[in-house]
Amino acid sequence: MSVDCIVFGFDEGKLKLLIGRRQMDPGRGEWSLYGGFVRDDEGLEEAAHRTLQELTGLKKMYLKQVGAFGAIDRDPGERVITVAYCALINVKDYDSRLLEEHQVKWVSLDEMPTLYSDHSEMVRKALNLLRRRIATEPLSFNLLPDLFTLTQLQKVYEAILGSEIDKRNFRKRIKAFDFIEKTELIDKLTSKRGAALYRFNKKAYGADTTFKL
């Protein structure tokens, strides 16, 4: 039994995926997701958290189970059943030294190469999961820095949904949520005019909060 991690990040206006070349047979040298076997003393989610921490150095992140993959011939080396997990991280929080250590890199989804075995199917299912959940859950804040502009927030939505969103309607809906707070700070790096910076107030967001766009 193994776990495979589908790690999404957001950078340069695009949704990106963390992949690397396989370091073992079968499939040595092919592009693949990062994963590992489940130890005897841990559960599936524990194994996923451990594997992700080894890969990213981060302890707290959004993590959701995508599903189990158990086709008889999915791994030509031996019978392996894997459970895929989707994680969302802020690319800027990821230590770039780990990219070299684990020999992985970020690729945009529109430039994703063919992945080993059924890994491309895992990515497709993970993306579908995000598209279902982003309309009702504040997933996008896991991909952004603590302070962000409304333009950055909109671009995250568009990257996940794969389509453009009307700017005026989007901002009207976002500003109606009391857990998205406008700060007194101004972004002068990515905006020529100087855009207001916002933040996600976790305390104001509750499990029963309606988050419908």
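Described below are features of the structure shown in this document. (Residues numbered from 1 in each chain as written. Predicted model: local features only at pLDDT ≥ 70, side-chain atom pairs only at ≥ 80, totals over all residues. Heavy atoms only, no water.)

Things to note about the nonpolar core
Right, so step 1: In terms of nonpolar packing, the biggest core is built from 40 residues, with Ile 6, Phe 8, Leu 17, Leu 130 and Leu 153 touching the most fellow members.
Right, so step 2: With six residues, the top contributor of residues to this core is helix H3 (residues 119–133).
Right, so step 3: In terms of nonpolar packing, the next biggest core, distinct from the first, is built from 20 residues, Val 3, Leu 18, Ala 48 and Leu 63 among them. (Core = buried A, V, L, I, M, F, W, Y, C linked by side-chain atoms within 4.5 Å. Buried < 20%, exposed > 50% of the residue type's maximum accessible area, 1.4 Å probe, protein only. Helix = DSSP H or I, 4+ residues; strand = E, 2+ residues; numbered from the N terminus.)

Considering a nonpolar patch on the surface
Right, so step 1: On the surface, a nonpolar cluster with roughly 240 Å² of combined accessible area is contributed by Met 1, Leu 44 and Ile 81.
Right, so step 2: If you trace the backbone, Leu 44 turns up in helix H1 (residues 44–56).
Right, so step 3: Given the relative accessible area of 31%, Leu 44 is considered partly exposed. (Patch = residues over 30% accessible without salt bridge, like charges linked within 9 Å, V, L, I, M, F, W, Y side chains within 5 Å. Areas by Shrake-Rupley, 256 points an atom, 1.4 Å probe, with all protein chains shown as cover. Salt bridge = Lys/Arg side-chain N within 4 Å of Asp/Glu carboxyl O.)

With respect to a negative patch on the surface
Right, so step 1: A cluster of acidic residues, Asp 40, Asp 41, Glu 45 and Glu 46, forms a negative patch at the surface.
Right, so step 2: Looking at the secondary structure, you find Asp 41 in the loop between strand E4 (34–37) and H1.
Right, so step 3: Judged by relative accessible area, Asp 41 falls into the exposed class, the value being 66%. (Lys, Arg positive; Asp, Glu negative; His and termini not counted. Charge placed at Lys NZ, Arg CZ, Asp CG, Glu CD.)

Details of unusual backbone geometry
Right, so step 1: Cis geometry marks the peptide bond from Asp 25 to Pro 26, where omega comes out at -5°.
Right, so step 2: Structurally, Pro 26 is set in the loop between strand E2 (14–21) and strand E3 (31–32).
Right, so step 3: Even without a glycine there, the phi angle at Gln 103 is positive, about 55°.
Right, so step 4: Examined against the element boundaries, Gln 103 turns out to sit in the loop between helix H2 (96–102) and strand E7 (104–108).
Right, so step 5: For Ser 117, which is not a glycine, the phi torsion comes out positive at approximately 50°.
Right, so step 6: Looking at where Ser 117 falls in the secondary structure, it is placed in the loop between E7 and H3.
Right, so step 7: With a relative accessible area of 35%, Ser 117 lands in the partly exposed category.

Notes on the packing of helix H4 (residues 150–161) against helix H5 (residues 167–174)
Packed helices, taken two at a time, are described by their axes: the angle between them and the distance between them.
Right, so step 1: Where H4 contacts H5, the two axes come as close as 11 Å, and the packing angle between them is 105°. With respect to H5, the axis of H4 lies roughly perpendicular. Contacts between H4 and H5 pair Leu 150, Thr 151, Leu 153, Gln 154 and Tyr 157 from the former with Lys 167, Phe 170, Arg 171 and Ile 174 from the latter.
Right, so step 2: Considering only residue class, the contact of H4 with H5 consists of five nonpolar, two polar and two charged. (Axes fitted to C-alpha atoms, helices over the stretch in contact; angles between N-to-C directions. Parallel < 35°, antiparallel > 145°, perpendicular 65-115°, else oblique. Contact = heavy atoms within 4.5 Å. Nonpolar A, V, L, I, M, F, W, Y, C, P; charged D, E, K, R; others polar.)

Distances and angles like these do not, on their own, reveal function.
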